[in-house]
Amino acid sequence: SPQGTVLKSKAIFNQKAPKVASFSSRGPNTIAVDILKPDVTPPGVEILAAYSPLNSPSEVWFDKRHVKYSVLSGTSMACPHVAGVAAYIKTFHPEWSPSMIQSAIMTTWRMNATGTGVASTEFSYGAGHVDPIAALNPGLVYELDKTDHILIAGEDVTCTRKSLPRNLKYPSMSAKLSESNSSFTVTFNRPLTNLGTPNSTYKSKIVINHGSKLKVKVSPSVLSMKSVKEKQSFTVTVSGSNLNTNLPSSANLIWSDGKHNVRSPIVVYTYSG
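Every value quoted in this text rests on a predicted model; they were computed, and no experiment measured them.

**Concerning the sheet that holds strand E8 (residues 222-225)**
Next up, step 1: Overall, mixed pairing links the five strands, which are arranged E4-E11-E10-E6-E8 in an open sheet. Pairing within the sheet leaves two strands with one partner each, and these edge strands are strand E4 (173-176) and E8. Averaged over all neighbouring strand pairs, the angle between strand axes comes to 15°, with direction disregarded.
Next up, step 2: Across four bridges, the pairing between E4 and strand E11 (residues 261-269) is parallel. Its bridge partner being in E11, Ser174 is matched across the sheet by Val267.

Structural data, given as structure tokens:
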């Protein structure tokens with residue numbers, strides 16, 4: 001005679017949330033070292049999700065159970081969550097390219113990182129926790145085009161210093177330096193596309209993250225957009241010395257017109273993981 005009890009639900013406020021789980025993979029990017037990975041942090045732990053009744057919940061050959069819902073954790077849920085966010089944005093802006101949507105997601109993040117060591121850095125959470133509502137109206141976006149994909153374009157190209165991976169029109173900026181460098185200066189070149197309002201002025205602001213000793217200069221420091229879809233370029237110069245070899249040094253670049261805050265993480269490191 002089994003019995004069950006249904007209790008009243010209780011809201012619990014967790015001051016550490018959002019937090020990246022300990023079993024989540026970490027950066028840095030070991031293949032393209034000047035491109036920051038991960039990109040963002042979507043929900044991925046203890047998610048009650050729809051589950052195909054054709055498969056068993058454990059996916060082992062002797063498990064004959066079939067369920068409609070199951071609690072899943074990890075990238076198994078983070079990936080469909082962020083894909084759903086992208087699809088959600090696409091319904092409002094069907095003309096936006098994939099890179100525009102990616103930029104909108106990455107530059108409207110919110111994150112109050114907790115923990116110590118690498119778990120509290122961009123190598124854990126990327127650009128931050130996704131905010132689908134804010135991503136609908138990012139103001140400015142970093143837009144990729146064909147020339148940014150020369151490795152898969154199948155055409156003969158001549159690479160220059162401007163072709164460095166760190167100059168990819170990506171919403172984040174990252175550079176790996178040699179451990180022998182006692183002092184350094186690196187530059188990032190980026191264009192921005194206005195998806196906000198015409199006749200808008202964006203001012204740059206640099207926020208140095210705790211423990212970092214970086215000097216960051218943005219030129220020009222103000223962007224005046226006259227029309228929608230207008231593009232303007234800027235350069236970020238980062239300098240410093242004696243980097244921490246165990247953790248990345250980072251800052252945030254914020255372009256703001258008073259309504260939009262377009263945030264990009266800046267990461268410089270010698271850490272190899």
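**Quick word on the environment of Ile47**
Next up, step 1: Following the sequence through the fold, Ile47 ends up in strand E1 (residues 47-50).
Next up, step 2: Between the C-alpha atoms of Ile47 and Lys16, which are 31 residues apart in sequence, the distance is 18 Å.

**Regarding a nonpolar patch on the surface**
Next up, step 1: On the surface, a nonpolar cluster with roughly 370 Å² of combined accessible area is contributed by Leu48, Tyr69 and Val71.
Next up, step 2: Note that Leu48 resides in strand E1.
Next up, step 3: Taking the relative accessible area as the measure of exposure, Leu48 reaches 64% and is therefore exposed.

**Notes on the packing of aromatic side chains**
Next up, step 1: According to the stated counting rule, one finds five aromatic pairs in the structure shown.
Next up, step 2: Ring centres of Trp61 and Phe62 lie 5.5 Å apart, and the angle between their planes is 90°; this geometry places the pair in the edge-to-face category.
Next up, step 3: What makes Trp61 exposed here is its relative accessible area of 73%.
Next up, step 4: Members of the aromatic cluster, connected to one another through ring pairs, are Tyr142, Phe234 and Trp255.
Next up, step 5: When the ring centre of Trp109 is taken as reference, the NZ or CZ atom of Arg263 above it lies at 5.7 Å.

**Some words on the side chain of Arg190**
Next up, step 1: Following the sequence through the fold, Arg190 ends up in strand E5 (residues 183-194).
Next up, step 2: A distance of 2.8 Å separates the side chain of Arg190 from the backbone oxygen of Arg166, its partner in a polar contact.
Next up, step 3: Apart from residues lying up to four places away in sequence, Arg190 is in contact with Tyr142, Arg166, Asn167, Leu168, Lys169, Tyr170, Ser172, Met173, Gln232, Ser233 and Phe234.

**Notes on the nonpolar core**
Next up, step 1: Core analysis: the biggest nonpolar cluster contains 25 residues, and Phe234, Val236, Val238, Leu253 and Trp255 have the highest contact counts within it.
Next up, step 2: Secondary structure elements with two or more residues in this core: E4, E5, strand E7 (215-219), E8, strand E9 (231-241), strand E10 (249-256) and E11.
Next up, step 3: Sorting elements by how many residues they give to this core places E5 first, with four residues.
Next up, step 4: With residues near it in sequence (within four places) discarded, Phe234 still touches Tyr142, Met173, Phe188, Asn189, Arg190, Leu192, Val218, Ser219, Pro220, Leu223, Leu253 and Trp255.
Next up, step 5: Residues Ile105, Met111, Ala127 and Leu195 belong to the second largest nonpolar core, which totals 23 residues.

**Observations concerning the sheet that holds strand E3 (residues 140-141)**
Next up, step 1: Overall, antiparallel pairing links the four strands, which are arranged E3-E5-E9-E7 in an open sheet. Every interior strand has two partners, whereas the edge strands, E3 and E7, have only one.
Next up, step 2: In this structure, E7 lies alongside E9, joined through five bridges in antiparallel fashion. Within the sheet, the bridge partner assigned to Val216 lies in E9 and is Val238.

**With respect to the confidence of the model for the protein**
Next up, step 1: In the predicted model, the protein carries a mean pLDDT of 89, and 95% of its residues have values of at least 70.
Next up, step 2: For the protein, per-element mean pLDDT is lowest for helix H5 (residues 150-153), which scores 63, and highest for E3, which scores 98.

**A look at the pattern of salt bridges**
Here the idea is simple: oppositely charged side chains can pair when their charged atoms come close.
Next up, step 1: Tallying each qualifying case throughout the model produces five salt bridges.
Next up, step 2: Here Arg166 and Asp34 are joined by a salt bridge, their closest N and O atoms 3.1 Å apart. Residue Arg166 is found in the loop between H5 and E4, and its partner Asp34 is found in the segment before E1; the two are separated by 132 residues along the sequence. Judged on exposure class, the residue Arg166 and its partner Asp34 are both buried.
Next up, step 3: Across the salt bridge formed by Asp145 and Lys169, the nearest N and O atoms sit 3.8 Å from each other. Here Asp145, found in the loop between E3 and H5, pairs with Lys169, found in the loop between H5 and E4; they are 24 residues apart in sequence, far enough to count as distant.
Next up, step 4: Under the relative-accessibility criterion, Lys169 is labelled buried at 18%.

Scoring rules and cut-offs
Residues numbered from 1 in each chain as written. Predicted model: local features only at pLDDT ≥ 70, side-chain atom pairs only at ≥ 80, totals over all residues. Heavy atoms only, no water. Pairing = 2+ DSSP bridges. Helix = DSSP H or I, 4+ residues; strand = E, 2+ residues; numbered from the N terminus. Axes fitted to C-alpha atoms, helices over the stretch in contact; angles between N-to-C directions. Patch = residues over 30% accessible without salt bridge, like charges linked within 9 Å, V, L, I, M, F, W, Y side chains within 5 Å. Areas by Shrake-Rupley, 256 points an atom, 1.4 Å probe, with all protein chains shown as cover. Salt bridge = Lys/Arg side-chain N within 4 Å of Asp/Glu carboxyl O. Buried < 20%, exposed > 50% of the residue type's maximum accessible area, 1.4 Å probe, protein only. Phe/Tyr/Trp six-rings, centres within 6.5 Å; stacked < 30°, edge-to-face > 60°. Lys NZ or Arg CZ within 6 Å of the ring centre and 35° of its normal. Polar contact = N/O pair within 3.5 Å; in protein donor to acceptor, adjacent residues only side chain to side chain. Contact = heavy atoms within 4.5 Å. Core = buried A, V, L, I, M, F, W, Y, C linked by side-chain atoms within 4.5 Å. pLDDT = per-residue confidence, 0-100.

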